[in-house]
Every structure is written in structure tokens, then in C-alpha cells.
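Observations on the three-dimensional arrangement
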Amino acid sequence: MSFEQPRGLTSMSRTDLAIETSGLVKSFGGTRAVDGVDLAVRAGSVYGVLGPNGAGKTTTIRMLATLLRPDAGSARVLGHDVVAEADEVRGLVSLTGQMASVDEELTGRENLVLLGRLLGLKWRVAKDRAADLLDAFGLADASGRLVKHYSGGMRRRLDIAASIVVTREVMFLDEPTTGLDPRSRNQVWDIVRALAAEGTTILLCTQYLDEADQLADGIAVIDHGRVIAEGTPSQLKASIGSGALHVRLLDPDQRPVAERLLARELSTVHLEPDPAALSAPCADGNRAAEAVAELSRAGVRVASFSLGQPSLDEVFLALTGHPADDQTEEAEIAEEELA
Amino acid sequence: MTEARLHNVLATAPRPRRPSALSASLTFGWRGMLKVKHVPEQLMDVTLTPVLFVLMFTYLFGGAIAGSTAEYLDYILPGILVMSVLFTTVYSGVSLNTDLTKGVVDRFRSLPIWRPAPLVGALLGDSLRYLVAGTVIVVLGVALGYRPGAGVGGVVLALALVIVFAFALSWVFTTLGLLLRSPNAVMNAGFTGIFPLTFLSNVFVDPETLPGPLKAFVDANPISILASASRGLMEGNVESADIAVVLGTAALLTALFAPLTTHLYRTRT
Ligand SMILES: Nc1ncnc2c1ncn2[C@@H]1O[C@H](COP(=O)(O)OP(=O)(O)O)[C@@H](O)[C@H]1O
Ligand SMILES: [Mg+2]
């Protein structure tokens, strides 16, 4: 029988871990893509790996999925070493890669039947399973179409469907909603929640704090191949300030007045690059509403305002003191300078 | 997409046993055939090029090289069969290289299957292309007046021998396909190798007319021996030593390059 484990890393015994890495390192030429990553993912949880482009998320996932051999350190999936017992690991995991990991030159149905056959299903069973999955994922109408004609959201759903043709203990999802419209993103989120409810351990790489917050039980923030912060979403948000009021004014000349008023109501105020915009950390909706009302009373004309979660940029600024720049580009520029 | 259906489909996921090496390879072969089904134009290069070769060599060079086109057709047809099918093997490397740029390869590589299955399967699919190319040539040859001495049986055996050798040679090009950066580079390197090897064989000319060192090379070239064996099988006067050399070379190529390809496929980043 299972019982509820208290949350948090300290209370975890080793056997509860579905994924465990220590000192994982992978370099490409001069770039240390992954530079000593330690992860501990509890079985049955959704674990978010949050970081900007080029931080080393995909490289980490590829090592865990036995596609890349670590240069140093070790990684275990459900107790199996990803190098020494790669074959066992492959029998336990499934990968939904960042590049669509479905065959664009086949139809949606053919993709799922192919995977079913490759995973050991009989023809009949593979076909039935494909039909059930296409139906459940809202792809039945498109099942006979070539995947290259699918929309981004359909492709993602098919990709995830391909990962659950058979039961898998651990799923790797690499940026499952990047580039999707909000509706498709919500559909993918629903699928991830349903998977989590079935007890699948999910390692989710993402660039969106929002996504990690919505789906994950634990989050590791990763930057230049290193874990720079780790904890539950609420711990993480508490450590960086959990939200911000964003205000845009009709008249940029009124910004000094607005700045003074907001500073009084909410303490620190950031002036944004846009001369009509400013923001202030704030977690409480009522306090934000008060502050906006105060602006109105003082005659400051507000074009729009929103209360949002901190962006990944703000998270990075808070954690590292530098913004979450695109680290792929940075590495490429460095390479060009060397050449 | 309803929640109930989603949960149902997740809860009913099967837990099958792993497929056998053969079953996984055949499934990848099926994938290759589905691609041909969706884009039948892919078969153009394996049908059109051989047709051009037969017509060109028979009518353009036949008179000049052998004195009469009919006589030359007897000599050249098995040779063109060999050449056309061997040229097609370069495309195995090209299509593997193209495949590698796609995310689906990561999924294949993370599956618990027999490691060489994606490669063996792709080459099995390609063998079908070799069969198409070979059949087109023989049928066209017969239409132009070619009459194989050993009849249908001899032709079938010759075709089988050429396809076995082509299957083995494809492993060389899949290795290239994994080593080189772009499909074009694979194509260029592949043809740079296969072109001179084919022309420095007895496919087009009788080596008796060649100067000493060149003749020695042509005689030892496995493609010459394959062409002689095919001619022999189709005429009914094959030397078993030729067949042994062809099969031995095929076994050697496979033994060297199949494990190499598999290793590169597994470790490629
Ligand atoms: N196959 C590769 N060859 C060379 N450099 C690579 C390769 N894969 C990733 N990198 C580099 O490693 C770094 C981390 O990349 P990646 O793991 O893809 O980051 P993320 O998934 O977080 O965007 C980047 O600087 C990237 O350019
Ligand atoms: Mg990535």
C-alpha cells in the first residue's frame, strides 16, 4: 500500500527516487553544456527543470534517456545506471524531444502503429491502441494525414501520445509547449496533469516559470549547465518575490508621479525600458488593486495593468544578478570570436 | 479531448514484451515502404536512371565498342544491372544522413530494441528499391532483344546475387552517412568512390583490351567479379569461384561496416 510522503527533499529516502544524478558533466568542444548537475526526482512526481535557451536542459535529458554518454558524474533512473544499464533504462523511459520526435513523413496513425510495433505490440493491438490514443488526444480526424501537415499543437499531442503507447515509468518532456498558442498549451498541460495523476514520473524541461509552477512538484533552476536554485514552486517564488504588478501609462510624462505613488504603496518600483511602463513586485491582488486605484485618484492615466508571475527574466535577475540571456547565442558568439 | 477518455487511455496502456530483433528490423523496413507509398516519386531515380543507362549504352556505345548493338546488349545488360543497383546503394547513406537531422531518430535510439534494427530495417526497405531497379533493367533488356541463356531462373539468381552484394555495400555508405555532415557530402563522397570502381571494372569493356596494370586492377575488382558472376548466372555458365568471391566480399563488408555503422548510430550526438 502506498502512503503520502511528506513533501520536500530532506524527507526523501534513496529508494523513493526515480531519477538521481550526481555531478553530471557534458562538454561539446569548449562548451560545458552541463557542468555538474545534481538532481533528485521523487518517483511519481513532476519535476521541472527551468532555464533559458542553451542552459543545458536538452543535454541533461539526452544523457538521462541514454542518448549521450556523460563525460563525468553519474545518473540513475529507477536505480539503473544510464551508462552501464542503458538497455534497462530504455525499457523504463520515454522521450518527447524538443525537436518533434515523430516521423513527419508518416501519418499520425502510422507513427503510433510503428511505435507500438517497435515496443512489442502485435499488429492488431498496435492498431487498436493507436486508434484509442488518437481519439483521446483529439487527433482522430487527422489520423490519416501526414504529420508534416499538422499544426504545432497537434504535433506535440501526437508526440506525447507516441510516448505513452505502452506504459512507461518515467517520461522526459523537453519544452512541450514552446511555440504553442495558449489553447494548445492548455491541452498539453491537461495531458501532463492526467499523466501525473496516473503516477508517471515526469521530468519537464521548460523556459516558462509559469509552466513549471502550474505542473511541477519540484523545480530546479538551471543556468550555464549548473543548478542555481532548487525547491518547490512556492519555495522558489518566496525566494524571488512571487509576482509583479505591471502598469502601462497613457502619458510617459506621468511616470515620475506614478513611480512615487507605487513606491509608497508597494515599496520597490522598476522602470521598464518602455518609457510609459513600470512594475513593482507584489503578490497580493488586493494590494495591487489598491495601488492602481491610488494612481487613478491622483489623476495618472493608466492604459493597462496586469498582475503577473515573475518572468523567467525576473527569476534569473533575482537568483543570479544577470538576466536570462539566450545562452546558445552567447556560446556561438564566443566560438566566432575564437575562430 | 475529454478528461475521462484521457484517463482511460492512460490507465489501459499495455505492457508488452520487447520485440525480437527480426520483428523490430522488419518494422523499420515497413517504415521505409510507407515512405515510398506516400512519395512514390522516390522510385523515379531507381527506374528512370537505369532505363537511360540501358538505352544510352546500347545505342550510343554499342556499335562503337562491340561492333553491333545486339551483341553488345548481351554483354552489357548484366553489367548495367550491377552498375545501376550499386549506384542506388549510395542513396542508403544519403537517406540515413537526412533521417539523422530529424527528432524521430532520438526516439528510435531511446527504444529498448535490438540496436542495429533501425539500420537493418532501412536497408531491407532499400533492397526493395534495388529489386525494382533490377527488374526494370531486365524487362527493358528483354524488350530490346536480350535473351538470357539460363532463362528466368538464371535472371532471378543473378538479381538475388546483386541484391545481396548491394545490401552489404550499403553498409559502407551508411557509415559515410553517419560520418559526414550533410546529405550532399555523402552523395559526393559516395559517387566519387563508386564511379571509378564501376568504370574500372569489366561492366562496360572486356579487360583483354586493357594495358597490363589496369587489367590487373580490373580483374581483381570485386565489381568485375560480381558482373562476371551475374553474366554467368544469366547465361548458364557461371563459375562457382566467382560466386564465392562475391559472397565472401559481401560477408567481409558487412562484418566490418555493419558494426561500425551501428556504433556510430548509437554514439552520434
Ligand atoms: N550536439 C551539440 N554540439 C555542440 N554543442 C552543443 C550540442 N548540443 C548542445 N550544445 C551546446 O550546449 C549548450 C546547452 O545546450 P542545450 O542542452 O541544448 O540547452 P537547452 O536545452 O537548455 O536550450 C548550448 O550552448 C548548446 O549550443
Ligand atoms: Mg533544449
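Rules behind the numbers
Residues numbered from 1 in each chain as written. Chains lettered and ligands numbered in written order. Predicted model: local features only at pLDDT ≥ 70, side-chain atom pairs only at ≥ 80, totals over all residues. Heavy atoms only, no water. Helix = DSSP H or I, 4+ residues; strand = E, 2+ residues; numbered from the N terminus. Buried < 20%, exposed > 50% of the residue type's maximum accessible area, 1.4 Å probe, protein only. Areas by Shrake-Rupley, 256 points an atom, 1.4 Å probe, with all protein chains shown as cover. Contact = heavy atoms within 4.5 Å. Buried area = accessible area lost by both parts, 1.4 Å probe. Salt bridge = Lys/Arg side-chain N within 4 Å of Asp/Glu carboxyl O. Polar contact = N/O pair within 3.5 Å; in protein donor to acceptor, adjacent residues only side chain to side chain. Nonpolar A, V, L, I, M, F, W, Y, C, P; charged D, E, K, R; others polar. Pairing = 2+ DSSP bridges. Axes fitted to C-alpha atoms, helices over the stretch in contact; angles between N-to-C directions. Donors = N, O, S within 2.8 Å, 3.2 Å for Na, K, Ca; no water. Parallel < 35°, antiparallel > 145°, perpendicular 65-115°, else oblique. Left-handed = near helix turned anticlockwise from the far one by under 90°. UniProt positions renumbered as here; feature names shortened; annotations may be inferred.

As annotated in an unreviewed UniProt entry, chain B carries the name Transport permease protein and comes from Nocardioides immobilis.

Some points on the overall build of chain B
Of the regular secondary structure elements, chain B holds 11 helices and zero strands. Written out in order from the N terminus, the α and β elements of chain B read α-α-α-α-α-α-α-α-α-α-α. Split into buried and exposed, the 269 residues of chain B put 49% on the buried side. Entry remark: accessible area of chain B is about 11,900 Å², with carbon and sulfur atoms responsible for 69%.

Quick look at the interface of chain B and chain A
Counting residues at the interface gives 41 residues for chain B, matched by 55 residues for chain A. Interface area for chain B against chain A, summed over the two sides, is near 4,200 Å², with a carbon-plus-sulfur share of 62%. Counting the contacts that link chain B with chain A gives 10 salt bridges. Our enumeration of links across chain B and chain A arrives at 17 residue pairs in polar contact (both at pLDDT 80 or more). Of all the secondary structure elements, the ones that give two or more residues to the side of chain B that touches chain A are helix 1 (3-11), helix 2 (21-38) and helix 5 (104-109) of chain B. For the side of chain B that touches chain A, the residue count by class is 18 nonpolar, nine polar and 14 charged.

Brief notes about the sheet that holds strand 11 (residues 244-249) of chain A
All names here are of chain A. Strand order in the open sheet formed by four strands is 12-13-11-14, with antiparallel pairing between adjacent strands. Each end of this open sheet is capped by a strand with a single partner; those strands are strand 12 (270-271) and strand 14 (302-308). Sheet strands in contact with helix 9 (residues 255-266) are strand 11, strand 12 and strand 13 (277-281), and its direction is about 10 degrees off that of strand 13.

Details of the coordination of the magnesium ion (ligand 2)
All names here are of chain A. Summarising the metal site, the magnesium ion (ligand 2) is bound by the protein donors Thr 58 (OG1) and Gln 98 (OE1), whose distances to it range over 1.9 to 2.0 Å. Placement of the pair is Thr 58 in helix 1 (residues 57-64) and Gln 98 in the loop between strand 6 (93-96) and helix 3 (108-118), with a sequence separation of 40 residues. Overall, Gln 98 belongs to the partly exposed group, its relative accessible area being 36%.

Examining the pairing of strand 1 (residues 17-28) of chain A
Residue and element names in this part refer to chain A. Pairing of strand 1 with strand 2 (residues 31-42) involves nine bridges; the strand directions are antiparallel. Residue pairing in the sheet places Glu 20 in a bridge with Ala 40 of strand 2. Joining the antiparallel neighbours strand 1 and strand 2 is a turn of two residues, in which Gly 29 adopts a positive phi near 60 degrees.

A few points about the packing of helix 3 of chain A against helix 4 (residues 123-136) of chain A
Residue and element names in this part refer to chain A. Across the interface, helix 3 lies against helix 4 with an axial gap of 8 Å and an inter-helix angle of 135 degrees. Of the possible angle classes, the one that applies to helix 3 and helix 4 is oblique. Crossing handedness for the pair helix 3 and helix 4: right-handed. When helix 3 is examined against helix 4, the residues Gly 108, Arg 109, Leu 112, Val 113, Gly 116 and Arg 117 are found in contact with a partner set consisting of Trp 123, Ala 126, Lys 127, Ala 130, Leu 133 and Leu 134. Residues of the contact of helix 3 with helix 4, tallied by class, amount to seven nonpolar, two polar and three charged.

Looking at the UniProt feature "transmembrane region" (unreviewed entry) in chain B
Residues and elements named next belong to chain B. As recorded in UniProt, the sites labelled "transmembrane region" (unreviewed entry) are residues 43-66, 72-94, 128-146, 152-173, 185-205 and 243-265. This span, residues 72-94, is 100% helix and 0% strand, and a straight line between its end C-alpha atoms measures 33 Å. In residues 243-265, helix accounts for 100% and strand for 0%; the two terminal C-alpha atoms are 31 Å from one another.

As for the sheet that holds strand 6 of chain A
Residues and elements named next belong to chain A. Spatially, the six strands line up as an open sheet ordered 6-7-8-3-9-10, and their pairing is mixed. Each edge of the open sheet is held by one strand with a lone partner, namely strand 6 and strand 10 (226-231). Across this sheet, the average inter-strand angle for adjacent strands is 15 degrees, counted without regard to direction. Relative to strand 9 (residues 218-223), strand 3 (residues 46-50) runs parallel, the two being bridged by four bridges.

With respect to the pattern of salt bridges
By the definition in use, this model includes 26 salt bridges over all chains. Two residues, Asp106(B) and Arg62(A), come together in a salt bridge whose shortest N-O distance is 2.4 Å. One end of the pair, Asp106(B), is in helix 5; the other, Arg62(A), is in helix 1, on a second chain. Asp87(A) is paired through a salt bridge with Arg90(A); the nearest N and O atoms lie 3.7 Å apart. Taken together, the positions of Asp87(A) and Arg90(A), both in helix 2 (residues 86-90) and three residues apart, correspond to about one turn of that helix. Residues participating in the shared-partner salt-bridge network are Asp103(A), Glu105(A), Arg31(B), Lys35(B), Asp99(B) and Lys102(B).

Quick word on the pairing of strand 11 of chain A
Here strand 11 of chain A runs beside strand 13 of chain A; their pairing, made up of five bridges, is antiparallel. Note that in strand 13 of chain A the partner of Leu245(A) across the bridge is Ala280(A).

Some remarks on the environment of Phe217(B)
Residues and elements named next belong to chain B. Position of Phe 217 among the secondary structure elements: in helix 9 (residues 212-220). For Phe 217, a relative accessible area of 41% translates into the label partly exposed. Phe 217 has contacts with Leu 197 and Leu 200, leaving out every residue within four places of it along the chain.

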